[in-house]
Every structure is written in C-alpha cells, then in structure tokens.
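Residue-level structural notes
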Amino acid sequence: MSSDIIERFLDNAGKAAANASRLKSARSLGKTLTELLPAEASVYCPGKSKLEQSAEKALKNPVGDYASAEICIEEVLAGIAETGSLVCSSDEGRAVQASLLPARHVALLPAEKIFATLDDFFAGVAADPPTNLTLITGPSRTADIELTLAIGVHGPGQLDILVI
Amino acid sequence: MRVQLFGTCLVDAFFPEVGEATVKLLRHFGVEVAYPPGQTCCGQPAFNAGYRAESASAARHFLSLFSQGDDPIVTPSGSCAAMVKHHYPELLRDDPQLSKQAEAVAGRVYELSQFLVGVLRAHEQDFTGRGKITYHSSCHLTRSLGVRDEPLTLIAALRGAEFVPMPDATRCCGFGGMFMAKLPEISCALSDEKAASILASGADTVTGCDSGCLMNIADGLKKRGSSVRVAHLAQLLAEGL
Amino acid sequence: MSDHQTSLDFRANAARAIKNASLRGALRNATDTFGDRRGSAFEVIPDLDELRERASTIRLEVLDNLPAYLDQFTAAATRAGAKVHRAADGAEARGMIAALLKERGAKMVAKGKSMVSEEIHLNAHLEEAGIEVVETDLGEYIIQLEHETPSHIIVPAIHKTRQQVGRLFADRLGVPYSEDPLELTKIARQVLRDKFFAADAGISGANFAFAESGSLVLFTNEGNGRMVTTIPPLHIVILSVEKLLPSLRELPTFIRLLPRSATGQAITSYVSIITGARKAEELTGAKELHIVLLDNGRSEILAGACREMLKCIRCGACMNVCPVYRTVGGHAYGWTYPGPMGLVLTNLLTGMKKSHPLVDASTLCGACVEVCPVKIPLVELILKLRQRRVEEGYSSSGTNLGMKMFARAATVPGLFNWGERMARIFWPVVSRLGGKDVAGRLPRPADRPFHERMK
C-alpha cells in the first residue's frame, strides 16, 4: 500500500473534520483506544472482525445496543483517498446505522483497504452492490440556518478514523 | 487597411460621441473608416424578446449594408458584435443565400477593443490618462465573445491613470435590453448594486465597452448622487491620444 | 395548512421582495458565499470543463435512451427486492403513495428532502388523508413549521434569519428562545430523533437512480437521509424519471460535480447507495422498499426542443450566480423551482399559459451557463421559450405592435431616423409617457445623431 495513498486519505479526511490518524500496528490499538475514549462512555462494537475483537478488549463500558450507545467502534469496509471517505456496507450482516445513531463514531480502517480514487472503488461494486453502501466523510453537519456551520446533526458529531 | 464601422442604434441616438471617438481612434492607427449609410439596429431587442421574424428583418437590412467585400466590421458594442456573430447565421438559416452571407459577415465582425488589441496592437502605444478608472465587464462581451483581457490591456495603456478594480466586475448591471423596461424594479436594484461596487472601488471614472450597460450604470450612479464619470473606453482612449 | 402558491405575477412578486431588506441581505450572503465556495472547491479539479463535458455526455446518453434505461432499472431494482411503480403524473403518484401508507396503517411519516415531492404537493395530500408528515431536513423542517414553501432548492430556509428561526422554535416547540444556530440545530436534533423511531414509514427523494444495479443514491450532510431510509420499516422513494445514470461507474463524475456546484463542499458527509430492500439475515435497510418513478411531463419535454433541461442534476449553482435570483429570492418565482433552471422548468412543466411571465426574469447575462455542471444551454432555452411565447400568442398586443414597428424602422433608414428625430424633439413628452421607471432612466437623445456626423 503506497504511503502516498494513505497520506492523501489522512489529509482529505482531516479536511472534512474527521480526526484521522495512523497506527503503526494493530498491536497499539488497545492502548490508543484507552487514550482516545472516555472511560465511562458506553461503547458499541460489533465484534465481528479480528480488529473489532481486539478493540473490544480495551472497552470499559461495552453495550450491546447501538441505538443507546454514546460511541460506536467498528471496522469499515474500505477507505477512499481521493475524498478521505470511509465506506460502510450492509454485507456480512452489518448494521450500517450502528455508526449513524451514536454521537461519536470510531472507524478502524485497514490501510490496504484504501482505494486511491472513487472510480477505483466503484469499479468493484457497480455490478452487484450490497443493500446499503454508505460513504462517510467527516461528521454530520448542516448550514441551513444563515449558512452557519453546525457540526453534529442527526449523525455523529465526532468521527475518529484509525488507519491500521 | 480599411474597416466598415457599425455605429449601433444606441450610439447613433444617444451617444454619438462614442462613435466619433471610435472613428478618431481608428484613423489615428491609419485605418480608413467606411461608414455605410442607412444603419439602423442589429435587431437584438427583438431577438432577445423572442421576435425572430422582426429581428430577421433587422438582420437582413444589416447584411444589405455590410455584405460587400471582406473588410473587418468594427463596432463599439460587445452585445451587438455577439448578436451578429452568434445569432445571425442561425436566424437566417432558412435562406441559403442569406445564411451564407451571414456566416461571412459573422466571421468579419470585431468588437472595438478586440480589434484595437488583436489587430491594431493599439495597446503597444502610450495614451494619456488621469485619475482612477474602474471597469465594468459587460455580459455579452465577456461570456459570449470571450473578450476579457483586451479592455484591461487598453486601460493599462492609459499612462497617468490608475486602474482600480471593482468588486463583482463581471456581475450583470441590470440593463439586459428589454429587461430594463419589463422588470425595472430588478433592473434598478442591480444598477444600484453596480453603483455600490463602483463607489467601493474609489474610482472617479467607470468605463466599459457597451453603451447600454453604461447608460444603466449612469442611472444607478445618478440615483446615488454620485459624480463618478461614466465614459465608454473609446472615449477615454480618444481623449488620451 | 396548505403550501400557499404565490401568483405568477412575477414583476409584482419581485417588487415586493426587493423591498424586503432582510431577505435581500440573506440572499446576498447566501449567493455570495456559495459562489465563492464553489470557485474554491473546483480549484482542485484539473480540467473542470472536461469533467462538465463528460457529465453532460452521460446525461444526454441517458436521455437519448431513457425508456430502455428505465426498464433496465425497474428489472434490476425488482430483482434486488424493491417494488417499482411508474406514475404518469402527480395525482397518480400521490394516490399510490397514500394508498400504500393507508394499507400499512401508517399514521406518521418521516420525510427526507425531495423537490419532486414539493412539485406534486405530496405533503398536503397525505395530510388530507390523515397522515402526519414530518420533514426531517433542517431547512425543510423550518419552513414546514412556518407553513412556507422552499426558496432555494438546496437551502430551503435561506430566506430566514436566525432570529426568525429562534422565534419560530420558541413559539411552535415551546423551547426557550435562542438565536444561536448551533443551539437551534441541537433542538431540532432532539425533536426529530424521536420522530425517526416513531415513524411508520420514511419517504425520501433520490439524487440519482442507477439502471444497471437498480440502485439509488442520496447525497446528504445531516444524517436525516440515512435515518429516514433505514430506520422505519417501510421506505418510499419518489424521483422523476430523468434522474437516471447508467451504472455506479458513472457516480464518481457526479460526486465530483454535485456537492461542489451546490455548496462548495468536496463531498457531502454521507453518500448513501441503496439497492433493494433488506435481505434475509441482514441488519440494515428498510424491510420494504417502494420506488415511485414520476413522469409528470418529462416525456413530453424529452420529445421537444428544450429537452436539454432534463440534464439538470438539481445542484442550485445557477441560482447562486443569477443576478435576478439574488435580488428577489425563490418565492417570487411562484413555484417549486426558482432561478434560471426554475424559470425554464416551470414553463415546461406547468405550461406557458400560466408561467410565461417567468421568461422575462432574466437579463440573459449567461452567468448560469458558465457554472452549470452538465452544460445546460440555459440562455438558449430561455430564448426558445421567449420565441414560443410570441408564437403561441402570450405576448402582449402592445409589444407585438411595437416590435412590428421596430422591424419596419430597422429596415427603412428614413423611418428609423425620423423616429429618432421625433423622440428627440418630443423628448419631454416621450419620457413622461414612457414612465420614470423606464424612459426616465434614459438620457436625452443627442442633438445630432452619429449618422449625421458621418455624412
């Protein structure tokens, strides 16, 4: 995975007001999460992938219902460097709305799953896309009142991305 | 070199000094100016209002005056040049002979600043100027003809004058031909905004290449009690010879 | 409640709007901001003209083969588990949506933004049928509370000040008054959260549909689009038939163009691609997905001379640069779509008889043509409509006569010059007859016209 693509991803994600950073290895995930997350916060994690299972170990207050959780941590399907976007999919029985409802979303993104451009990504899914495919770029926002930017509307107000 | 001059109806009736300045300028650069008598109007007012037949009449008359030879046709109006260049061929497409004439004429038409800079290289000589000059970039001139730099190049040749850009120089002044008569409230609101831009620039003179715009801008400035001078670029250049 | 329609007396609407200082301030702020942001956003695109050309070509290819693409979409969406309905007009669409909701016993619907639903007055119809509709896009929510119609297709409440919104929320929601947009947004978030979960159905529009896979895409920032399309058990999508693209491979071109053209964003916070209803063993998506493809006049337009208008992707860039829109705002246009695209589309969809005054709402300055991401020749279309107005007899007899006289004078120099002379001699009378609004703004004709000086 070209580090140029990773750099571009981090840069563009940052421009969209996500807190995006890169972990040297999956081993530092637990420590990173401990530092990143408030201890008392209720956290939902699907626990399906290896990374997610590793993340679960670091959680002090895990909950099973994403609708009432304050934070959702999950591994995402892919990233797109061109826009700094995450891609979430409904495949493998995932609940895409798990990252929509809590106020904070922490995304775990394996570096090798970052595509350089939108075209690169869509070429692979165009013929047979999943039921729900959502590109997430930064936290939710609106500027409907006098064009004043308000971050955090119905979707999360805070988005952290850990590229591993 | 010889050109045929199309004065335009607005210049003819309201701003003959612009026509005179145009002639003086062209002659200064050694150009013989032919003025076919019997000129009326390029037909824009009818065309823009959707009256094709009536504007075609005006077009046919224009062709009857200007079709001879292949001298450049020069006009001190971006919107009239655009009308002839872009709309005459299509307007007369049903008549094979006239449409051929229209194509030929369309290929020979120049807006004045386009001609001065592109053909005569007039900007390579110094003119005298004074004060602070700002420039309104007319819609048809800018967007239809793509003439963006030539007027600024000529203003830069006015030594002694300082160019001060206005905010939103390319925003429509609100003239729009028949628009100013059909929706005068909006037209005045736009000319007022244009006046505000001109005043914000700090200029004592505003110039441009279309008399319709300048006329509307003058009204906007007058309503604000401003004494900023409104002058066609041809006038500033002729005065600076 | 009703979506009150302003009459199509555009000049009177405009004159009223011009006197509204707070509206003009809001419009100036919005259009300047979007114009600037659009410019900055496109700086990173190496060849914008090429991108627009590509988008235009894709849209034309779809329009040239629309029936085939619609059939392909219908088949693919059906295979993915959606039910696809074709509605010939607004009445049919409203009827089928109301019937479906009634069948499911739906009492309350959470709604995402959809211009085409405004076009057919869907909300009013559903309310009459006893179904509560809650708009969840913040701007739409605000104007719904206010019983108003949108004044811009991207930021529907652009004409409202923060004080007005604060007052509105305090009065209608019983919350303490605040004029802080962040606070007001928080209030809306809390109120609407419950609605998403309580809603029996979600109704949304879609920015595009994709023929190959039967997918739909929604570009949103707030997250309400994602809520409305995945939380309630039933999801109804309404979109007009021309909003098709061949496949998801064409989506990147429009991801690059649409958000930048609309608000200057590189991409919206969320781009949701929905393909069919929730499958067995899945945890995401509405259990039932119904897609209503609305014609409502598009087929007729497609067969006509103004068909390029159907390339429109509803970005709003044209109204952001339009000098007329900037001065009067969206309500003056009297219908769903304002600005340059609005004055063309309104005439094409509602007919010249009702809407022809709108064709004057343009100075033909061409600013819209420069920014349209799909290169719709808007000035050309406005001119075509003005010609049609004359041909179909909607121009005033006064103007018709005036133009005939003009044509005469333009071809007979003697007559032309005589006219100039008369205007000059009788200028005080002429200028008074012509009114201070028009003739009063012209200077006095020159003593010696240019042609006399060139003898």
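Residues numbered from 1 in each chain as written. Chains lettered and ligands numbered in written order. Predicted model: local features only at pLDDT ≥ 70, side-chain atom pairs only at ≥ 80, totals over all residues.

This paragraph deals with the overall build of chain C. The helix and strand tally for chain C stands at 23 helices and 10 strands. For chain C, the C-alpha radius of gyration of 25 Å lies close to 23 Å, the compact-globule estimate for 455 residues. Considered along the principal axes of its C-alpha atoms, chain C spans approximately 90 × 55 × 45 Å. For chain C, the residues scored as buried account for 54% of the 455 residues in total. Here the contacts in chain C between residues at least 6 apart in sequence split such that 74% fall between residues at least 24 apart. (Helix = DSSP H or I, 4+ residues; strand = E, 2+ residues; numbered from the N terminus. Rg over C-alpha atoms; globule rule 2.2 N^0.38 Å. Buried ≥ 20, exposed ≤ 12 C-beta atoms within 10 Å, placed from the backbone. Contact = placed C-beta atoms within 7 Å.)

Here we come to the overall build of chain A. Scanning chain A for helices and strands turns up 4 helices and 11 strands. The C-alpha radius of gyration computed for chain A amounts to 15 Å, which stays within 12% of the reference 15 Å derived for 164 residues, consistent with globular compactness. Its C-alpha atoms put chain A at 45 × 40 × 30 Å along the principal axes. The buried share of chain A, reckoned over its 164 residues, is 55%. Contacts spanning at least 24 positions in sequence make up 68% of the contacts within chain A whose residues lie at least 6 apart.

Before going further, it helps to examine the domain arrangement of chain C. If you check the domain split of chain C, you get domain 1 (10–299), domain 2 (305–391) and domain 3 (398–453). For domain 2 of chain C versus domain 3 of chain C, the distance between C-alpha centres works out to 31 Å. (Domains from an automatic or database assignment.)

Mapping Asp128 of chain A onto the fold places it in the loop between α4 (118–125) and β8 (132–136). Distance in space between the C-alpha atoms of Asp128 of chain A and Val43 of chain A is 33 Å, their sequence separation being 85 residues.

For interface size, the figure often reported is the accessible area lost on association. In this assembly, 42 residues from chain C lie in contact with 45 residues from chain B. Every element with two or more residues in the side of chain C that touches chain B is listed here: α1 (10–18), α15 (323–328), α19 (378–391), α20 (397–411), α21 (413–425) and α23 (450–453) of chain C. Broken down by element, the residue count for the side of chain C that touches chain B peaks at 7 residues, all from α20 of chain C. Partitioned by chemical class, the residues of the side of chain C that touches chain B number 25 nonpolar, 6 polar and 11 charged. (Nonpolar A, V, L, I, M, F, W, Y, C, P; charged D, E, K, R; others polar.)

Residue and element names in this part refer to chain B. In space, the 4 strands of this open sheet follow the order β6-β5-β7-β8, with parallel pairing throughout. Looking along the sheet, the strands with just one partner apiece sit at the ends: β6 (158–163) and β8 (229–232). Here the strands of the sheet are splayed against their neighbours by 45 degrees on average, with no regard to which way each runs. As paired elements, strand β5 (residues 127–135) and β6 share 5 bridges and run parallel to each other. Bridge pairing in β6 links Ile133 to Phe163. Helix-sheet contacts for helix α12 (residues 211–223) involve β7 (205–208) and β8, and the interaxial angle to β8 is about 180 degrees. (Pairing = 2+ DSSP bridges. Axes fitted to C-alpha atoms, helices over the stretch in contact; angles between N-to-C directions.)

With that settled, consider helix α12 (residues 251–263) of chain C. Residue and element names in this part refer to chain C. Between its first and last C-alpha, α12 extends 18 Å over 13 residues, near the 18 Å set by a 1.5 Å rise per residue. The element α12 is largely enclosed, with a buried count of 12 among its 13 residues. Among all positions in α12, only Leu251, Thr253, Phe254, Ile255, Arg256, Leu257, Leu258, Pro259, Arg260, Ser261, Ala262 and Thr263 are buried. At the exit of α12 stands Gly264, carrying a positive phi of roughly 80 degrees. (Expected span 1.5 Å × (residues − 1).)

Right, let's talk about the sheet that holds strand β11 (residues 158–163) of chain A for a bit. All names here are of chain A. In space, the 5 strands of this open sheet follow the order β1-β11-β6-β3-β2, with parallel pairing throughout. Here the strands that pair on one side only, and so sit at the sheet edges, are β1 (19–22) and β2 (43–44). Two elements, strand β6 (residues 104–109) and β11, share 6 bridges in a ladder whose sense is parallel. The residue of β11 that forms the bridge with Ala107 is Ile161.

The next point concerns the interface of chain A and chain C. At the junction of the two partners, chain A supplies 40 residues and chain C supplies 51 residues. Along the lines of polarity and charge, the residues of the side of chain A that touches chain C split into 19 nonpolar, 15 polar and 6 charged. As defined by bridge partners, β8 of chain A adjoins strand β9 (residues 270–274) of chain C across 5 bridges and the pair is classed as antiparallel. Bridge pairing links Thr134 of chain A to Ser272 of chain C in β9 of chain C.

Looking now at helix α2 (residues 21–41) of chain C. All names here are of chain C. Taking 1.5 Å of rise per residue, 21 residues should cover 30 Å, and α2 covers 30 Å from first to last C-alpha, within 8% of that figure. Those residues of α2 not exposed but buried are Leu23, Ala26, Leu27, Ala30, Thr31, Phe34 and Arg38. Taken down its axis, α2 places every buried residue within 115 degrees of arc, on the same side. Turned more than 90 degrees from where α2 packs its buried face, Ala21, Ser22, Gly25, Asp36, Gly39 and Ser40 sit exposed. In this structure, the buried residues of α2 make contact with α1, α12, α14 (317–321), α15 and α18 (367–371). (Arc of directions from axis to C-beta.)

Below, the discussion takes up unusual backbone geometry. For Glu92 of chain A, which is not a glycine, the phi torsion comes out positive at approximately 60 degrees. Locating Glu92 of chain A in the fold gives a position in the loop between β5 (85–89) and β6. A positive phi angle, close to 55 degrees, is found at Lys375 of chain C, a residue other than glycine. As for its placement among the helices and strands, Lys375 of chain C is situated in the loop between α18 and α19.

On to the environment of Glu92 of chain C. All names here are of chain C. On the secondary structure map, Glu92 appears in helix α5 (residues 90–103). A tally of 17 C-beta atoms within 10 Å means that Glu92 is categorised as partly exposed. It is 32 Å that separates the C-alpha atoms of Glu92 and Tyr325, two residues lying 233 residues apart in sequence.

When two helices pack together, you describe them by how their axes are tilted relative to each other and by the distance separating the axes. Residues and elements named next belong to chain B. Contact geometry for helix α4 (residues 52–66) and helix α5 (residues 78–91): axes closest at 10 Å, N-to-C directions at 110 degrees. The orientation of α4 relative to α5 falls into the category roughly perpendicular. Residues Arg52, Ser55, Ala56, Ala59 and Phe62 of α4 form the contact with α5, whose participating residues are Val84, Tyr88 and Leu91. Residues of the contact of α4 with α5, tallied by class, amount to 6 nonpolar, 1 polar and 1 charged. (Parallel < 35°, antiparallel > 145°, perpendicular 65-115°, else oblique.)

Side-chain direction in a regular strand flips from residue to residue, so the side chains alternate between the two faces of the sheet. Residue and element names in this part refer to chain A. Counting buried residues along β11, 5 of its 6 residues qualify, which places the element largely inside the surrounding structure. The pairing of β1 with β11 spans 4 bridges and is classified as parallel. Within β11, the residue paired with Ser21 across the bridge is Leu162.

The next point concerns the environment of Phe175 of chain B. All names here are of chain B. Mapped onto the fold, Phe175 is located in the loop between β6 and α10 (179–182). According to the C-beta neighbour criterion, Phe175 is buried, with 28 such atoms within 10 Å. Residues Phe175 and Glu193 lie 18 residues apart in sequence; the distance between their C-alpha atoms is 12 Å. What Phe175 contacts, discounting residues up to four positions off in sequence, is Met180, Ser187, Gly212, Cys213 and Asn216.

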